[in-house]
Amino acid sequence: MEPILECRDLTKKYGSKYALYNLNLSLERGQIVGLLGPNGSGKTTLIKLANSLLHPTGGQILINRTEPGIETKKVVSYLPDRNYLGRHMRVDEITAYYNTFYDNFSMERAAKMMDALDIDRRARLSSLSKGTLEKVQLILVMSREAKLYILDEPIGGVDPAARDYILQTILTNYNENATVLISTHLISDIENVLDHVVFLQEGQLVLSESVDEIRTQHGKSVDTLFREVFKC
Amino acid sequence: MLGKLLKFDLKYGMKIFLLLHGILIVISLLGRFLFLDQLNFNEPDAALVSSVALFAAAIIFLLMAVCFCTWMIIAFRFYRNLFTGEGYLTWTLPASGVQHLWSKIISGSILFLLDCIIEGGCVLLLVTGCNVTEAYSVIAPDVNSELGMTLSTFALILFVIMLISGPVSVIQTYFCIAIGQLFPAHRLLGAIAAYFISSFLIQLLSFGLQIGIGLFPEYILIGPTDTADQVGTYLFTTMGYSTVMMIVIAILQYIAVHYIMQKKINLL
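Fair warning: this is a prediction, and the values are worked out from it, not measured in the lab.

Bring the parts together and some accessible area is lost; that lost area is often taken as the interface size. Contacts between chain A and chain B engage 25 residues on the former and 24 residues on the latter. In total, about 2300 Å² of surface goes out of reach between chain A and chain B, with carbon and sulfur atoms giving 63% of it. Across the contact surface, chain A and chain B share 0 salt bridges. Breaking the side of chain A that touches chain B down by element, the ones donating at least two residues are helix 2 (70–75) and helix 3 (91–101) of chain A. If one sorts the elements of the side of chain A that touches chain B by residue count, helix 3 of chain A sits on top with 5 residues. Class assignment for the residues of the side of chain A that touches chain B results in 13 nonpolar, 6 polar and 6 charged.

Written out as structure tokens, the structure is:
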């Protein structure tokens with residue numbers, strides 16, 4: 001099967017500093033992949049490149065065999081690590097916004113998740129708590145029938161109980177041919193849902209292995225291996 | 001896609017826009033019926049002159065303030081939609097950078113156009129009372145002679161120039177904000193600096209152009225401007241050249257914004 005995301009000698013430079021250097025990476029379809037690495041390892045740069053928010057200095061990044069652009073934006077559902085919604089909008093307005101722009105957005109799925117979480121659809125986004133806002137953002141992203149979900153710190157700002165709900169939402173709302181790429185520091189929380197992990201350090205690939213391989217070959221959990229590899 | 005983007009862009013800030021212009025219309029109506037219609041220009045005295053001067057100053061200030069607020073809505077929307085956290089949603093919509101830019105230019109120009117029409121309508125409402133038009137008819141021949149045309153024609157031409165300058169101002173504003181994005185640590189400051197520097201350069205260019213083609217008042221070709229018809233001729237020749245120059249500059253600024261939006265965006 002063709003990879004959903006492929007990096008070929010991907011390089012991104014900010015001034016004289018390399019954020020990514022000759023990165024070669026291939027992600028298969030139908031997996032939940034953890035994108036892990038310390039701060040400044042190039043995770044966010046890679047995510048931005050995949051979403052066409054940056055342009056590579058060298059090499060190539062392909063999503064569904066296409067360079068990031070209008071066509072790839074139709075199949076990538078992206079959750080940034082910050083509030084990215086217009087705070088002046090109401091929940092139902094932002095839902096309608098998504099429905100207008102994305103052909104693969106399911107109003108029914110969004111409504112179902114919002115009802116399950118008891119989110120008031122007439123509430124202004126500015127009136128929601130940080131945790132509720134993050135849930136709304138995740139609901140919008142997971143209500144799309146995308147081929148690649150890119151989630152940047154999806155559980156970073158919520159309490160442990162909400163984390164479980166969010167992980168459950170991710171697991172139950174993507175189809176088996178889609179890939180979910182999750183970038184987080186909370187490895188132990190997501191370890192059980194991951195199929196594959198990618199370790200980045202100083203813009204280069206350190207490891208790209210399945211979680212099963214890590215457990216059988218290294219005899220360690222992903223969290224333990226991460227702490228060893230990136231020991232300060 | 002452009003239509004969808006336009007729809008949401010026009011919606012953004014529309015409530016404030018309507019509120020401000022609603023206030024302007026109400027004040028114009030009150031000014032017309034409660035103040036201007038009550039004036040008697042047949043017996044002018046010092047009190048009449050000073051009250052009219054004060055009223056005119058207040059109205060001009062109000063018109064400028066509403067125009068400035070419209071400009072702020074346009075600038076703020078561009079900055080917020082594309083370069084703050086909201087940019088993460090805007091830039092990941094299945095639309096190209098050019099579509100985003102044109103959506104913002106068209107919607108900004110529509111807001112400016114609406115602003116010009118409403119403000120022009122308010123001015124018309126204020127000055128078309130019988131007492132005002134009768135009082136003006138006394139001095140109309142002198143004014144027409146100075147302008148070389150009737151005041152209504154003069155106002156109409158000014159209005160058309162204002163309409164043309166709308167999209168030009170929108171592009172200049174976007175240019176400054178886009179330039180500000182090239183300074184990640186000081187984006188807002190960069191945009192303000194870009195505005196002042198580009199305005200200064202445009203003024204310099206305009207000044208040089210005026211001297212170069214002999215349009216500077218009483219400088220080379222025009223001669224004294226107090227001759228009949230000379231004020232209007234001078235004003236329109238100057239404005240004509242300025243408009244052409246501004247259009248050329250706007251095209252260059254558009255190319256720069258287009259390039260920055262295609263290649264140099266890096267959201268924080």
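From this point, the discussion proceeds with the structure in view.
The next point concerns the sheet that holds strand 6 (residues 148–152) of chain A. Residue and element names in this part refer to chain A. A sheet is described by the order of its strands in space; here 6 strands give the open sequence 5-6-7-3-8-9, paired in mixed fashion. Each edge of the open sheet carries a strand with a single partner, namely strand 5 (76–79) and strand 9 (204–210). If you compare each strand with its neighbour and ignore which way they point, the axes differ by 15 degrees on average. Taken together, the 4 bridges between strand 5 and strand 6 define a ladder with parallel strand orientation.

Take the nonpolar core next. In terms of nonpolar packing, the biggest core is built from 113 residues, with Leu46(A) and Tyr98(A) touching the most fellow members. Among the elements that take part in this core, helix 7 (residues 151–180) of chain B stands out by supplying 8 residues, more than any other. Counting residues in each nonpolar core, the second largest holds 11 residues, with Leu24(B), Ile59(B), Leu63(B) and Leu126(B) among its members.

This part takes up the environment of Val197(A). All names here are of chain A. Looking at the secondary structure, you find Val-197 in strand 8 (residues 196–201). Judged by relative accessible area, which is 0%, Val-197 ranks as buried. Considering only alpha carbons, one finds Val-197 and His-218, 21 residues apart in sequence, at a separation of 14 Å.

Residue and element names in this part refer to chain A. Strands sit in the order 2-1-4 across an open sheet of 3 strands; the sheet is antiparallel. Two strands close off the open sheet at either side, each with one partner strand: strand 2 (17–27) and strand 4 (58–63). Looking at each pair of strands side by side, their axes are set apart by 25 degrees on average, direction ignored. Helix 1 (residues 43–50) contacts strand 1 (5–14), strand 2 and strand 4 of the sheet and is inclined by roughly 115 degrees relative to strand 1.

Take the packing of helix 1 (residues 2–11) of chain B against helix 5 (residues 97–127) of chain B next. To describe two helices that pack against each other, one gives the angle between their axes and the distance between the axes. All names here are of chain B. Direction vectors running N to C along helix 1 and helix 5 enclose 45 degrees, while the axes themselves pass 9 Å from each other. Taken together, the axis directions place helix 1 and helix 5 in an arrangement best described as oblique. Judged by the sense of rotation from one axis to the other, the crossing of helix 1 with helix 5 is right-handed. Of helix 5, the residues touching helix 1 (which contributes Leu-2, Leu-5, Leu-6, Asp-9 and Leu-10) are Gln-99, His-100, Trp-102, Ser-103, Lys-104, Ile-106, Ser-107 and Ile-110. Broken down by class, the residue content of the contact of helix 1 with helix 5 amounts to 7 nonpolar, 4 polar and 2 charged.

By secondary structure assignment, the location of Asp189(A) is in helix 7 (residues 187–190). Ignoring any residue separated from it by four or fewer positions in sequence, one finds Asp189(A) in contact with Ile155(A), Arg163(A) and Leu167(A).

So, on to the pattern of salt bridges. Residues and elements named next belong to chain B. Taken as a whole and assessed by the stated rule, the structure comprises 13 salt bridges over all chains. Between Arg-32 and Asp-37 there is a salt bridge; the shortest N-O distance is 3.1 Å. Judged by its relative accessible area of 14%, Arg-32 is buried.

Cut-offs used in this document
Residues numbered from 1 in each chain as written. Chains lettered and ligands numbered in written order. Predicted model: local features only at pLDDT ≥ 70, side-chain atom pairs only at ≥ 80, totals over all residues. Heavy atoms only, no water. Contact = heavy atoms within 4.5 Å. Buried area = accessible area lost by both parts, 1.4 Å probe. Salt bridge = Lys/Arg side-chain N within 4 Å of Asp/Glu carboxyl O. Helix = DSSP H or I, 4+ residues; strand = E, 2+ residues; numbered from the N terminus. Nonpolar A, V, L, I, M, F, W, Y, C, P; charged D, E, K, R; others polar. Pairing = 2+ DSSP bridges. Axes fitted to C-alpha atoms, helices over the stretch in contact; angles between N-to-C directions. Core = buried A, V, L, I, M, F, W, Y, C linked by side-chain atoms within 4.5 Å. Buried < 20%, exposed > 50% of the residue type's maximum accessible area, 1.4 Å probe, protein only. Parallel < 35°, antiparallel > 145°, perpendicular 65-115°, else oblique. Left-handed = near helix turned anticlockwise from the far one by under 90°.

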